[in-house]
Amino acid sequence: MSFITIEGGEGTGKSTLIRGLTKALSAQGRDVVQTREPGGSPGAEDIRTLLVTGETDRWDAMTELLLVNAARRDHVERVIRPALDRGATVLCDRYLDSTRCYQGMRGVSRAMIDGLHESAIDLDPTITLILDAPPEQGLERAADRGGDARFEAMGLAYHTQLRDGFLSIAKADPNRCTVIDATQSKDVVLAAALAALNIA
Ligand code: TMP
C-alpha cells in the first residue's frame, strides 16, 4: 500500500479523489505525498507545460512518449523514490497507465512504452484506482474547468478509445487495478477508493 496511482480519462474527478484520500490517510497518521504526472518535480512541471499546451499536432506520438518519460524519470528519481524509501505513501495523479492509453492510442506500441519504462524508470505502482465515466461527461466537466486543453482537444473518438484502454488494462491486471464508477457522488467514490485500498 505504498505507491498508489489514480488513473482515468479527462474530468473523471481524479484531483478531488486524491485530495480526499490524502486527507483520510493523513488523518490516520501516515506520511502521505500527493503528486501528479506529467509533473511533480520542478523539471517535470516544465516538461508538463510543453505537453499540455499548444496545438494537438505539436508533438508526434513518439516525441510525446519521450517527453513523458523524461518528466517521469525526473519525478521518480527526485520525488517518488525518495518518498517511498523513507516509508511514505505516494498518491500519484496519473502514471504509466496514462502513457499506455494516451500515447498508445496515438499509435506507439505497448512493447515500446513498456520497454522504455523498464529501462528508464523501472518503478511500478502497487495499487491503481481507475476512475471510469463516459467521455462525453468528462470532457464537458474538463471544459467547464478550463485550463490547458491540448489532449482534451483530440476529439471524442480518441477519448472513447482511452476509456476502453483503461478498462482493458484493469481487466488484464485485476490484482493491481480497481475500476470505480466516477459518475457516483464524490463521497461514494472516496468510500469505494478507501475500500479498494483496504482502509475504512
Ligand atoms: P491532467 O490534466 O489529468 O493532469 O493530465 C494532463 C494531460 O497529460 C492529460 O490530458 C493526459 C496527458 N498525459 C499523457 O498524455 N501521458 C501520460 O503519460 C500522462 C501521465 C498524462
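Every chain is numbered independently, its residues counted from 1 as its sequence is written. Reporting of local features is limited, given that this is a predicted model, to residues whose pLDDT is at least 70; pairs of side-chain atoms are given and counted only at 80 or more, and all residues count toward the totals for whole chains, interfaces and linings. Note that water and hydrogens are dropped before the side-chain values are worked out from all heavy atoms of the structure.

**Looking at the pattern of salt bridges**
Phase 1: Within this document, salt bridges are pairs made up of a side-chain nitrogen of Lys or Arg and a carboxyl oxygen of Asp or Glu, the two lying within 4 Å of each other. Across all of its chains, the model carries 15 salt bridges by this definition.
Phase 2: Across the pair Lys14 and Asp93 runs a salt bridge whose closest N-O atoms are separated by 3.1 Å. Taken together, the residues span a long stretch of sequence, with Lys14 in helix H1 (residues 14–27) and Asp93 in strand S3 (residues 89–93) at a distance of 79 residues.
Phase 3: For every residue, the accessible area (1.4 Å probe, protein chains only) is compared with the maximum for its type, and the residue is labelled buried under 20%, exposed over 50%, or partly exposed between those bounds. Judged by its relative accessible area of 11%, Lys14 is buried.
Phase 4: Glu64 is the partner of Arg106 in a salt bridge, and the nearest nitrogen-oxygen pair spans 2.4 Å. Here Arg106, found in the loop between helix H4 (96–102) and helix H5 (110–120), pairs with Glu64, found in helix H3 (residues 61–85); they are 42 residues apart in sequence, far enough to count as distant.
Phase 5: For Arg106, a relative accessible area of 27% gives the class partly exposed.
Phase 6: Each of Asp97, Arg100, Arg110, Asp114, Asp173 and Arg176 takes part in one network of salt bridges that share partners. Counting from the N terminus, the helices are DSSP H or I runs at least four residues long and the strands are E runs at least two residues long.

**Points about a nonpolar patch on the surface**
Phase 1: Patch building starts from residues that exceed 30% relative accessible area and form no salt bridge, then joins like charges within 9 Å and nonpolar side chains (Val, Leu, Ile, Met, Phe, Trp, Tyr) within 5 Å. Calculation of accessible area relied on Shrake-Rupley with a 1.4 Å probe; when residues are assessed, cover is drawn exclusively from the protein chains displayed. Residues Met62, Leu66 and Met112 make up a contiguous nonpolar surface patch of roughly 250 Å² in combined accessible area.
Phase 2: The residue Met62 is located in helix H3 in this model.

**Notes on the packing of H1 against helix H8 (residues 186–196)**
Phase 1: Each axis is a line fitted through C-alpha atoms, and for a helix only the stretch in contact is used; angles between axes span 0 to 180 degrees, taken between their N-to-C directions. Put simply, H1 and H8 touch, their axes get as near as 10 Å, and they point 55° apart. In terms of orientation, H1 and H8 fall into the oblique class. Judged by the sense of rotation from one axis to the other, the crossing of H1 with H8 is right-handed. Residue-level contacts link Thr16, Leu17, Gly20, Leu21 and Ala24 of H1 to Lys186, Val189, Leu190, Ala193 and Leu194 of H8.
Phase 2: For the contact of H1 with H8, the per-class residue count stands at seven nonpolar, two polar and one charged. Should an angle fall under 35 degrees it is called roughly parallel, over 145 degrees roughly antiparallel, and 65 to 115 degrees roughly perpendicular, with every other angle called oblique. For any pair of crossing helices, the crossing counts as left-handed if the nearer helix is rotated counterclockwise from the farther one by less than a right angle, and right-handed if it is rotated clockwise. In what follows, a contact means two residues having at least one pair of non-hydrogen atoms within 4.5 Å. Charged means Asp, Glu, Lys or Arg here, nonpolar means Ala, Val, Leu, Ile, Met, Phe, Trp, Tyr, Cys or Pro, and polar covers whatever is left, Gly included.

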